[in-house]
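Here are the chains, one letter per residue:
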Amino acid sequence: MRLRIFLFGAVIALALVSPSALGAQSPIVVKSQTLDMNFPRAMRFTIQAESSAPLQELRLTVWQHGVALGSRFTPPFTPAKNVRATFEWDFQSFSSGGYLPPGTRGEYTWHLVDAAGNVLDTPRTSYIVSDPTQKWSVLSNDDLRVSWYVGDAAFGAAVFERAILAREFLAKDLGIENVDALQVFIYADKQDFFESLPPFSAEWTGGRTFPEYGVIMINFAPDNLDWGLRATSHELSHAILHAKIRGTIGELSIPHWLDEGLAVYNETNDHAPDAQFEEAFQPAVRHNALIPLRSMQLRFPDDSGQAQLAYGQSFSVVKFMIEEYGKEKFAALLDIYEKGSSPDEGLTAVYGMDQDELENAWRKKIGAPPREFSSARLPTLAPRPTYEFSSPLETVTVAVPQATSTPEATRAALLATPPPASAIPAQAPQIPVSGLCGGVLMLSGIVAFTLRRPKNQIPRNTNQH
Ligand SMILES: [Zn+2]
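Residues numbered from 1 in each chain as written. Predicted model: local features only at pLDDT ≥ 70, side-chain atom pairs only at ≥ 80, totals over all residues. Heavy atoms only, no water.

**Side note on the overall build of the protein**
Selection rule: Starting at the N terminus, helices and strands are each numbered in turn, a helix being any DSSP run of H or I of at least four residues and a strand any DSSP run of E of at least two. Whether a residue is buried, partly exposed or exposed follows from its accessible area with a 1.4 Å probe, protein chains only, as a fraction of its type maximum: under 20%, in between, or over 50%, in that order. Contact between two residues is taken to exist if any of their heavy atoms lie within 4.5 Å; hydrogens are not considered. Areas reported as accessible are Shrake-Rupley estimates using a 1.4 Å probe. Residue values count occlusion only from the protein chains shown.
Secondary structure assignment for the protein yields ten helices and 13 strands. Taken across its 465 residues, the protein has 58% of its residues classed as buried. Put simply, 71% of the contacts in the protein that link residues at least 6 apart link residues at least 24 apart. Roughly 18500 Å² of accessible area belongs to the protein as shown, and the carbon and sulfur atoms make up 52% of that amount.

Take a look at the structure:
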């Protein structure tokens, strides 16, 4: 594939509109229309217009790509023949726009009405949310765009190539194709990274994935490349899997252990185990202290050691499924989950085993004694997530979902700086919790693939693997 590498700096999205191009049929004339990008703070929509009669109504509609519904805003202005109005979409405020990650795009239009009843709707104008605070280097093809601002071309190329291979494994081996292009933004500096994240992001967060937008934001520097390659591949796997299995039913079908296990399995070209997780997994095998698979269906344990074990175990189970029964079956399972089968229904249909039976087949393979299963199912760790539906466009002022993911540490943060004593920031908004990577799912919203970072990990910069 043809690769393009280039630099671009501060970007101000500016659309000057020729008056003759707009409103040729209407006495309403748009003198100018601009969008100023000031990420991570805000983007400002401004319009200047005039008409033969006083302009009385002015409305901005924004369609954010990846969000089903548009958002309408009516900025204040004084009715007059010449008007100027501004709406500031605040990335840090839930009530006036809300967070959007860099790389996302959308379209907007202004609706104007004057006192004589004349109406003008401006043509849809596209925009891209960009982060002009850094001088980004970019490497991209049709499937992937990697942006970084510290590190040479070889650094970016290494991340790009690993991410492409991770994507190709999912596409060619597991049949997850027709996924929209993904964007990866690598923030070398922790402060830069946090200033670019949504409000209430926990300080131990190491990466954030927004599958609705196909954007991954990740924090690592070139001197931590090995970790960064694993973490980027891991988050990319989540993003692609959830791009395939998107929707109200499918998202619930994927057992959490399968989602995480596949992400760990796809961290390297040779699907080698993650040394950090093996440290928890191997002793648990020896001491018959493995976690029941069913109890990891919706989320992982909060305890740091148990969480590491959960990752190692999930990796081992997914490896067993793919390498013992073949990629085709695993691909078939994902297809069934895409249609909304429950975790056990899907497994039984494709593998002839439910989660308990699969667990014992796997335990036999790794030399662990079988688990006794009672007729009463083991409880799962969390209830199913709830959804919050947006109102129809006609009745809503702001329909864009807010950046509401619970900020927990991501897999990407497992080797990042230690978490604070309190897991959730005091001001974190109340939101539904899903089983997706311990994060949060809102319909047409944003998912953070997260897990609390184990407490006993060494700070990232001194622990590479
Ligand atoms: Zn994960």
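Don't stop here, the text continues.
**Overview of the nonpolar core**
For the record, the criterion: Definition of nonpolar core: a set of buried residues of the types Ala, Val, Leu, Ile, Met, Phe, Trp, Tyr and Cys, connected through side-chain atoms within 4.5 Å.
Within the largest apolar cluster, 66 residues are counted, with the highest numbers of intra-cluster contacts made by Trp 257, Met 321 and Phe 330. Once residues lying within four places of it in the same chain are set aside, the contact partners of Trp 257 are Leu 293, Met 296, Gln 297, Phe 300, Ser 314, Val 317, Val 318, Met 321, Leu 347, Gln 355 and Leu 358. Leu 35, Tyr 108, Phe 185 and Phe 193 belong to the second-largest nonpolar core, a separate cluster that totals 42 residues.

**A few points about the coordination of the zinc ion**
Rule in force here: Atoms are scored as donors when they are N, O or S and lie within 2.8 Å of the metal, with 3.2 Å used for Na, K and Ca; no water is included, so coordination may look incomplete. In these descriptions, tetrahedral denotes four donors with every angle between 85 and 135 degrees, square planar four donors and octahedral six donors with opposite donors over 155 degrees apart and the rest between 65 and 115, and irregular any other case.
Taken together, the protein ligands of the zinc ion are His 234 (NE2), His 238 (NE2), Glu 260 (OE) and Glu 260 (OE), with distances of 2.0 to 2.5 Å. Coordination at the zinc ion is irregular: its four donor atoms span angles of 55 to 146 degrees at the metal. All donor residues of the zinc ion come from one chain, and their arrangement in sequence is H-x3-H-x21-E. Pair noted here: His 238 is in helix H3 (residues 225–244) and Glu 260 is in helix H5 (residues 256–265), with a separation of 22 residues, a long-range link. Of the two residues examined, His 238 and Glu 260, each falls in the buried class.

**A short note on the packing of aromatic side chains**
To keep it simple, the criterion reads: Stacked, edge-to-face and tilted are the three classes for Phe, Tyr and Trp ring pairs, Trp counted by its six-membered ring, which pair at centre distances within 6.5 Å; planes under 30 degrees apart are stacked, over 60 edge-to-face, the rest tilted. The criterion for a charge sitting over a ring is simple: Lys NZ or Arg CZ within 6 Å of the ring centre, and within 35 degrees of the ring normal.
If you walk through the whole model with that rule in mind, you get 24 aromatic pairs. Aromatic side chains Phe 45 and Tyr 127 sit 6.2 Å apart centroid to centroid with 90 degrees between the ring planes, which places their arrangement in the edge-to-face category. In this pair, Phe 45 is assigned in strand S3 (residues 42–64) and Tyr 127 in strand S8 (residues 125–128), connecting sequence segments 82 residues apart. Through a chain of ring-to-ring contacts, the aromatic side chains of Trp 136, Tyr 149, Phe 185, Tyr 187, Phe 193 and Phe 194 assemble into a single cluster. The ring of Trp 63 carries Arg 124 above its face, with NZ or CZ at 3.5 Å from the centroid. Over the ring of Tyr 351 we find Lys 329; its NZ or CZ atom is 5.8 Å from the centre of that ring.

**Observations concerning the pairing of strand S13 (residues 215–219)**
Here is the rule: Criterion used throughout: strands pair if DSSP finds at least two bridges between them.
Summarising burial for S13: five of the five residues are buried, a large majority. With five bridges joining them, strand S11 (residues 182–187) and S13 adopt parallel strand pairing. Across the sheet, residue Tyr 187 finds its bridge partner in S13, namely Asn 219. Pairing between strand S12 (residues 207–210) and S13: four bridges, direction antiparallel.

**So, the packing of H5 against helix H7 (residues 304–325)**
Put simply, the rule reads: Fitting a line to C-alpha atoms yields each axis, with helices limited to the stretch in contact; the angle taken between N-to-C directions then spans 0 to 180 degrees. When describing relative orientation, an angle under 35 degrees is termed roughly parallel and one over 145 degrees roughly antiparallel, while 65 to 115 degrees is termed roughly perpendicular and anything else oblique.
As a packed pair, H5 and H7 sit with axes 7 Å apart at the nearest point and diverge in direction by 80 degrees. On the basis of the axis angle, H5 is roughly perpendicular to H7. Residues Trp 257, Leu 258, Glu 260, Gly 261, Leu 262, Val 264 and Tyr 265 of H5 touch H7, and the partners they reach there are Tyr 311, Ser 314, Phe 315, Val 317, Val 318, Lys 319, Met 321, Ile 322 and Glu 323.

**Side note on the pairing of strand S6 (residues 105–114)**
Of all ten residues in S6, eight are buried; the element is thus mostly enclosed. Sheet topology note: the S3/S6 ladder contains nine bridges and is antiparallel. Its bridge partner lying in S6, Gln 64 is registered against Gly 106. Examined bridge by bridge, S6 and S8 share four bridges and lie antiparallel to one another. Following the sheet pairing, Glu 107 is matched in S8 by Ser 126. Looking at chain direction, S6 and strand S7 (residues 119–121) are connected through three bridges and run antiparallel. By the bridge assignment, Val 113 is partnered in S7 with Val 119. The turn linking S6 back onto S7 is made up of four residues, and Gly 117 within it adopts a positive phi angle of 90 degrees.

**What about the environment of Tyr 213?**
Note on placement: Tyr 213 falls in the loop between S12 and S13. Residues Tyr 213 and His 65, spaced 148 residues apart in sequence, show a C-alpha to C-alpha distance of 7.2 Å.

**Some remarks on H7**
The condition that has to hold: Here the expected length of a helix is defined as 1.5 Å per residue gap, with one fewer gap than residues. By the criterion applied in these results, polar contacts are pairs of N or O atoms within 3.5 Å in which, for protein atoms, one can donate a hydrogen and the other can accept it, and in which residues neighboring in sequence qualify only through two side-chain atoms.
Here H7 contains 22 residues, and its C-alpha end-to-end distance of 31 Å stays within 8% of the 32 Å for a straight helix at 1.5 Å per residue. Counting buried residues along H7, 16 of its 22 residues qualify, which places the element largely inside the surrounding structure. The residue sitting at the N-terminus of H7 and contributing the capping side-chain oxygen is Asp 303; that oxygen lies 3.1 Å from the backbone nitrogen of Gly 305. Where H7 terminates, the next one or two residues include Gly 326, which has phi positive at roughly 100 degrees.

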